[in-house]
Amino acid sequence: MRVLITGAAGFVGSHLSDRFIAEGHSVVGMDNFITGNPRNIAHLIGNPNFRFIRHDVTNYIYVAGKIDAVLHFASPASPIDYLKLPIQTLKVGSLGTHNALGLALAKDARFLLASTSEIYGDPLQHPQSEDYAGNVNTIGPRGVYDEAKRFAESITMAYHRAHGLPTRIVRIFNTYGPRMRLDDGRVVPNFIGQAIRGEPLTVYGDGTQTRSFQYVSDLIEGVYRLLASEFSDPVNIGTQDELSMIAFAELINDITGNKAGIIFKQSDRILGDPQTRRPDTTRAQTILGWRPVVPLREGLERTIEYFREVM
Ligand code: NAD
Ligand code: UDP
């Protein structure tokens, strides 16, 4: 296959590019570096199976030659990033998704959308299954990301229904691993950076809010299987490793041997920050035969090693 991956210079997009190339496919990576980093794909430059196009996908996308699949991963993903880039975030989820769908239709290609657990908002159902419609504040600070992704899902299903385009939607839960940006503001790089520097870990709010963390290779496996499947409804990909932010901070301090403890930053918690988050992954298990395999501690150890190297 020859696949187009938008957001290829980002954390997830770069691992996805690696996977497709390792499977013998050829990848066209596209990115405008708004939150990504050229270093994430530096090792692919010069590989005959990788071609990079610097382009903002909110503008018309042109790619010469055949494309068998379009994987649309371009979008700021960290709350700090999308609070700084609210309009770009809305545009890449709406205009960017429309352009990527249009390209897939023109090329007779499969389309896969990177959606998110954020479409459930601050959920009133726990754990979250794919049939839960969510609890999103359209005008809250996180609304720019949540609504962009909700629109992206809607237009993806519209292309599927109106044009018969083969589409896939993955709802990604908190994913971590090497190549996250140290300063992207997400809890994993924040905590690991602070722990390596011997600083106290900044827990926002009262720290009782939960997240379920998955290592990036497990996500990539789920995405790879979903693209190959014939299933067009959304599929959650994430783990049952649900921890409060206090417990998560203690785990990072334990693994790194950081003795500086934690400090509470009550006011740094963003309005609408979900109180709980854990996926129901029955669908991924039954339809894709997928389940995560990397234990949390092991994945964190690998990630900490990466951050020690880059810091
Ligand atoms: P990231 O910020 O590392 O990567 C996103 C990439 O998209 C960056 O390289 C950025 O430069 C690029 N991009 C953004 N706008 C663009 C535009 N208009 N044109 C071209 N390129 C553009 O984030 P990530 O964590 O790798 O997330 C990748 C995708 O996965 C996103 O769509 C995100 O919403 C989704 N996702 C990620 C997570 C997670 O935990 N990492 C969870 C849910 C969903
Ligand atoms: N968080 C925290 N300290 C930090 C950064 C984040 O306690 O230094 C919390 C944040 O309030 C949220 C959780 O960690 O409840 C996960 O935040 P992240 O930005 O990683 O992504 P989200 O899951 O909210 O999209």
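Since the structure is predicted, the reported quantities are computational estimates derived from the model, not experimental observations. (Residues numbered from 1 in each chain as written. Chains lettered and ligands numbered in written order. Predicted model: local features only at pLDDT ≥ 70, side-chain atom pairs only at ≥ 80, totals over all residues. Heavy atoms only, no water.)

1. Concerning the overall build of the protein
Part 1: Counting its regular elements, the protein contains 9 helices and 13 strands.
Part 2: Each principal axis of the C-alpha atoms in the protein carries an extent, and together these give about 55 × 45 × 40 Å.
Part 3: Classification of the 311 residues of the protein by burial places 55% in the buried group.
Part 4: Considering only intrachain contacts with a sequence separation of at least 6, the fraction spanning at least 24 residues in the protein is 80%.
Part 5: The centroid of the 32 positive side-chain charges in the protein is displaced by 4 Å from the centroid of its 33 negative side-chain charges. (Helix = DSSP H or I, 4+ residues; strand = E, 2+ residues; numbered from the N terminus. Buried < 20%, exposed > 50% of the residue type's maximum accessible area, 1.4 Å probe, protein only. Contact = heavy atoms within 4.5 Å. Lys, Arg positive; Asp, Glu negative; His and termini not counted. Charge placed at Lys NZ, Arg CZ, Asp CG, Glu CD.)

2. Things to note about unusual backbone geometry
Part 1: Going from His 126 to Pro 127, the amide bond is cis rather than trans, its omega being -10°.
Part 2: Within the secondary structure layout, Pro 127 lies in the loop between β5 (110–116) and α4 (143–163).
Part 3: One non-glycine residue, Phe 33, adopts positive backbone phi at about 65°.
Part 4: Position of Phe 33 relative to the elements: it lies in the loop between β2 (26–31) and β3 (50–54).

3. Let's talk about a nonpolar patch on the surface
Part 1: On the surface, Leu 182, Val 310 and Met 311 cluster together into a nonpolar patch covering about 210 Å² of accessible area.
Part 2: Tracing the chain through its elements places Met 311 in the segment after α9 (296–310).
Part 3: Taking the relative accessible area as the measure of exposure, Met 311 reaches 38% and is therefore partly exposed. (Patch = residues over 30% accessible without salt bridge, like charges linked within 9 Å, V, L, I, M, F, W, Y side chains within 5 Å. Areas by Shrake-Rupley, 256 points an atom, 1.4 Å probe, with all protein chains shown as cover. Salt bridge = Lys/Arg side-chain N within 4 Å of Asp/Glu carboxyl O.)

4. Looking at the site of ligand 1
Part 1: Around ligand 1 there are 29 residues in total, and Val 12, Asp 31, Thr 35, Tyr 145 and Lys 149 lie nearest to it.
Part 2: A distance of 2.9 Å is found between an oxygen atom of ligand 1 and a backbone nitrogen or oxygen belonging to Ile 34.
Part 3: When the free accessible area of ligand 1 is taken as 820 Å², the share hidden by the protein chains comes to 96%.
Part 4: Looking at the shell around ligand 1, the elements that each hand over two or more residues are α1 (11–22), β5 and α4.
Part 5: Its residues assigned to classes, the shell around ligand 1 shows 13 nonpolar, 12 polar and 4 charged. (Near = heavy atom within 4 Å. Polar contact = N/O pair within 3.5 Å; in protein donor to acceptor, adjacent residues only side chain to side chain. Nonpolar A, V, L, I, M, F, W, Y, C, P; charged D, E, K, R; others polar.)

5. Structural notes on the nonpolar core
Part 1: Counting 55 residues, the largest nonpolar core has Phe 20, Leu 71 and Phe 73 as its most contacted members.
Part 2: The element best represented in this core is helix α6 (residues 216–228), accounting for 7 residues.
Part 3: Discounting residues that sit within four places of it in the chain, Phe 73 has contacts with Thr 6, Gly 7, Val 12, Leu 16, Leu 112, Ala 114, Ile 172 and Val 223.
Part 4: Judged by nonpolar contacts, the second largest core, of 24 residues, contains Val 92, Ala 100, Ala 104 and Phe 111. (Core = buried A, V, L, I, M, F, W, Y, C linked by side-chain atoms within 4.5 Å.)

6. So, the site of ligand 2
Part 1: Near ligand 2 there are 17 residues, and of these Val 187, Thr 202, Tyr 204, Arg 211 and Asp 273 occur at the shortest range.
Part 2: Contact between ligand 2 and Tyr 204: an oxygen atom at 2.8 Å from a main-chain N or O atom of the residue.
Part 3: Note that an oxygen atom of ligand 2 is positioned 2.9 Å from one of the side-chain N or O atoms of Arg 277.
Part 4: Coverage of ligand 2 by the protein chains reaches 94% of its 520 Å² of free accessible surface.
Part 5: When contributions to the shell around ligand 2 are tallied by element, the ones reaching two or more residues are α5 (187–196) and β8 (201–204).
Part 6: Partitioned by chemical class, the residues of the shell around ligand 2 number 6 nonpolar, 5 polar and 6 charged.

7. Considerations on α9
Part 1: Across its 15 residues, α9 extends 21 Å between first and last C-alpha, which sits within 8% of the 21 Å expected from 1.5 Å per residue.
Part 2: Along α9, the residues classified as buried are Leu 296, Gly 299, Leu 300, Thr 303, Ile 304, Tyr 306 and Phe 307. Buried residues of α9, seen end-on, are gathered within an arc of 160° and therefore sit on one face of the element. Facing away from the buried surface of α9 by more than 90 degrees, the exposed residues are Glu 305 and Glu 309.
Part 3: At its buried positions, α9 is contacted by β7 (175–176), α5, β10 (214–215), β12 (242–244) and α7 (245–256). (Expected span 1.5 Å × (residues − 1). Arc of directions from axis to C-beta.)

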